[in-house]
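# Residue-level structure breakdown
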Amino acid sequence: MQWHSIDEFFAMGGYAFYVWGSFGACALLMFAEPFLAKRRLSEVRQSLIRERLADELELQQKNS
Amino acid sequence: MRQSIIQWFKFGSPQSFYPLAGRMIPWFWAAAIAFGIAGLWISFFVAPTDAQQGEGYRIIFVHVPASWMSMFLYLIMAFWAGLGLALNTRVSGMMAQAIAPTGALMALLSLWTGALWGKPMWGAWWVWDARLTSELILFFLYLGFMALQAAIDDPRRADKAGAILALVGVVNIPIIYFSVKWWNTLHQGSTINMNKAPSMAHTMLWGMLLMALCFWMYSIAVALTRVRAIILERERHTEWVKHAVA
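These remarks concern the structure in this document. (Residues numbered from 1 in each chain as written. Chains lettered and ligands numbered in written order. Predicted model: local features only at pLDDT ≥ 70, side-chain atom pairs only at ≥ 80, totals over all residues.)

Within chain B one finds nine helices and zero strands. When the helices and strands of chain B are listed from N to C terminus, the series reads α-α-α-α-α-α-α-α-α. What you see for chain B is a C-alpha radius of gyration of 20 Å, in line with the 18 Å of a compact globule of 246 residues. In terms of principal-axis extent, the alpha carbons of chain B reach across some 65 × 35 × 35 Å. Buried residues in chain B amount to 41% of all 246 residues. Taking the contacts inside chain B whose residues are at least 6 apart along the sequence as the reference set, 78% of them involve residues at least 24 apart. (Helix = DSSP H or I, 4+ residues; strand = E, 2+ residues; numbered from the N terminus. Rg over C-alpha atoms; globule rule 2.2 N^0.38 Å. Buried ≥ 20, exposed ≤ 12 C-beta atoms within 10 Å, placed from the backbone. Contact = placed C-beta atoms within 7 Å.)

What follows is the structure, encoded as structure tokens:
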């Protein structure tokens, strides 16, 4: 391992802004994208569940 | 033989692909995380300092995987789009639509990390060089594909229009790949060459390959999650969807 201290690791030999800017952008977008995809899936599932409940309610009212 | 072909067509139906995708997603996440941890460990703690670029070269461990995935995902997207156009299979168009945003993200990351690498090494965030320009065009092709699909209300027609755009755009992929050979560019040559041994340290190569595998597994996991959402959105009025979502 070439790092002698934590500070040296974060300094990245003077390239901290460029290295962490690159890895940081990847981390940020690669956390955000799955989150958005999962939200899209759960939104459509929620709306399908609501739709089905509405259908059932309608059926009950018709029968009573 | 015939049985296996029927099997493949079975998974071409949204009804059987939806649960299959759901079962596969956790495995791809597990693989992405495992490869990511190993890749990051090598990127920061095992790979030595570069003789010319110091620690700045470590951007390679995200820049190259993002660039590879941006090109590879485009080919996969065009493949599914073309398959949908030729065979009229329903899941194909949905797959193409699910891959596009992830491909655009990879192209954006490739450009972003490239700019952050170019500034300290070349002295410029951006140059109108063949490699950079063709990658920018790839990013716009993804955006164009997504915009075109979003602009057409009927999903089947949107798939067809998108497929033609995706297939025409494939011509850009070899242009990106060979740009460093065909033109004099500021961008360095390919890191891995089929004809000769890689010119970089083995640990650097391993770090890059592991990170590429991580990005690859990530892309599959996200695209499968998105395709499940698209399947439900498009098939919401069918009987099976009403039963599938309990």
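And the narrative resumes.
Helix and strand content of chain A: two helices and zero strands. For chain A, whose C-alpha radius of gyration is 25 Å, the value lies well above the compact-globule estimate of 11 Å for 64 residues. Expressed as lengths along the three principal axes of its C-alpha atoms, the size of chain A is roughly 75 × 20 × 15 Å.

The subject of this paragraph is the interface of chain B and chain A. Opposite the 32 residues of chain B that make contact, chain A presents 25 residues. Every element with two or more residues in the side of chain B that touches chain A is listed here: α3 (60-87), α4 (90-122), α8 (202-234) and α9 (239-244) of chain B. Split by residue class, the side of chain B that touches chain A holds 17 nonpolar, seven polar and eight charged. (Nonpolar A, V, L, I, M, F, W, Y, C, P; charged D, E, K, R; others polar.)

Moving on: the packing of helix α2 (residues 14-46) of chain B against α8 of chain B. Residue and element names in this part refer to chain B. Remark: α2 packs on α8, axes separated minimally by 7 Å, with the N-to-C direction vectors making an angle of 155 degrees. With respect to their mutual orientation, α2 and α8 come out roughly antiparallel. α8 is crossed by α2, and the crossing has left-handed handedness. For the contact of α2 with α8, a count of residues per class yields 26 nonpolar, seven polar and one charged. (Axes fitted to C-alpha atoms, helices over the stretch in contact; angles between N-to-C directions. Parallel < 35°, antiparallel > 145°, perpendicular 65-115°, else oblique. Left-handed = near helix turned anticlockwise from the far one by under 90°.)

Okay, helix α2 (residues 16-63) of chain A next. The first and last C-alpha atoms of α2 of chain A sit 69 Å apart over 48 residues, in line with the 70 Å expected at 1.5 Å per residue. Of the residues making up α2 of chain A, those classed as buried are Y18, V19, S22, F23, C26, M30, A37, L41 and V44 of chain A. Taken together, the buried residues of α2 of chain A touch α3, α4 and α8 of chain B. (Expected span 1.5 Å × (residues − 1).)

Moving on to helix α5 (residues 130-151) of chain B. Residue and element names in this part refer to chain B. Counted at 1.5 Å a residue, the expected span for α5 with its 22 residues is 32 Å, and the 31 Å between its end C-alpha atoms agrees. Among all positions in α5, only A130, R131, L132, S134, E135, L138, L141, Y142, F145 and Q149 are buried. Tucked into the core, α5 has its buried residues touching α3, α4, α6 (155-169) and α7 (172-182).

Here we take up the packing of α5 of chain B against α6 of chain B. Residues and elements named next belong to chain B. Taken N-terminus to C-terminus, the directions of α5 and α6 make an angle of 165 degrees; their axes are 9 Å apart at the nearest point. Judged on the interaxial angle alone, α6 and α5 are roughly antiparallel. Relative to α6, α5 is oriented so that their crossing is right-handed. Residue-level contacts link L141, G144, F145, L148 and Q149 of α5 to A158, A161, G162, L165, A166 and G169 of α6. Within the contact of α5 with α6, the residues separate by chemical class into seven nonpolar, four polar and no charged.

Below, the discussion takes up unusual backbone geometry. Even without a glycine there, the phi angle at M12 of chain A is positive, about 50 degrees. Tracing the chain through its elements places M12 of chain A in the loop between α1 (6-11) and α2. For N88 of chain B, which is not glycine, the phi torsion reads 60 degrees and is therefore positive.

Here we come to the nonpolar core. Grouped together as the largest cluster of nonpolar side chains are 75 residues, with contacts concentrated most on M77, A96 and V227 of chain B. Secondary-structure elements contributing two or more residues to this core are α2 of chain A together with α2, α3, α4, α5, α6 and α8 of chain B. Take this core: its biggest share by element is 19 residues, from α8 of chain B. Those residues in contact with A96 of chain B that lie beyond four places of it in its chain are M77, W80, A81, G84, G162, A163 and A166 of chain B. (Core = buried A, V, L, I, M, F, W, Y, C linked by C-beta atoms within 7 Å.)

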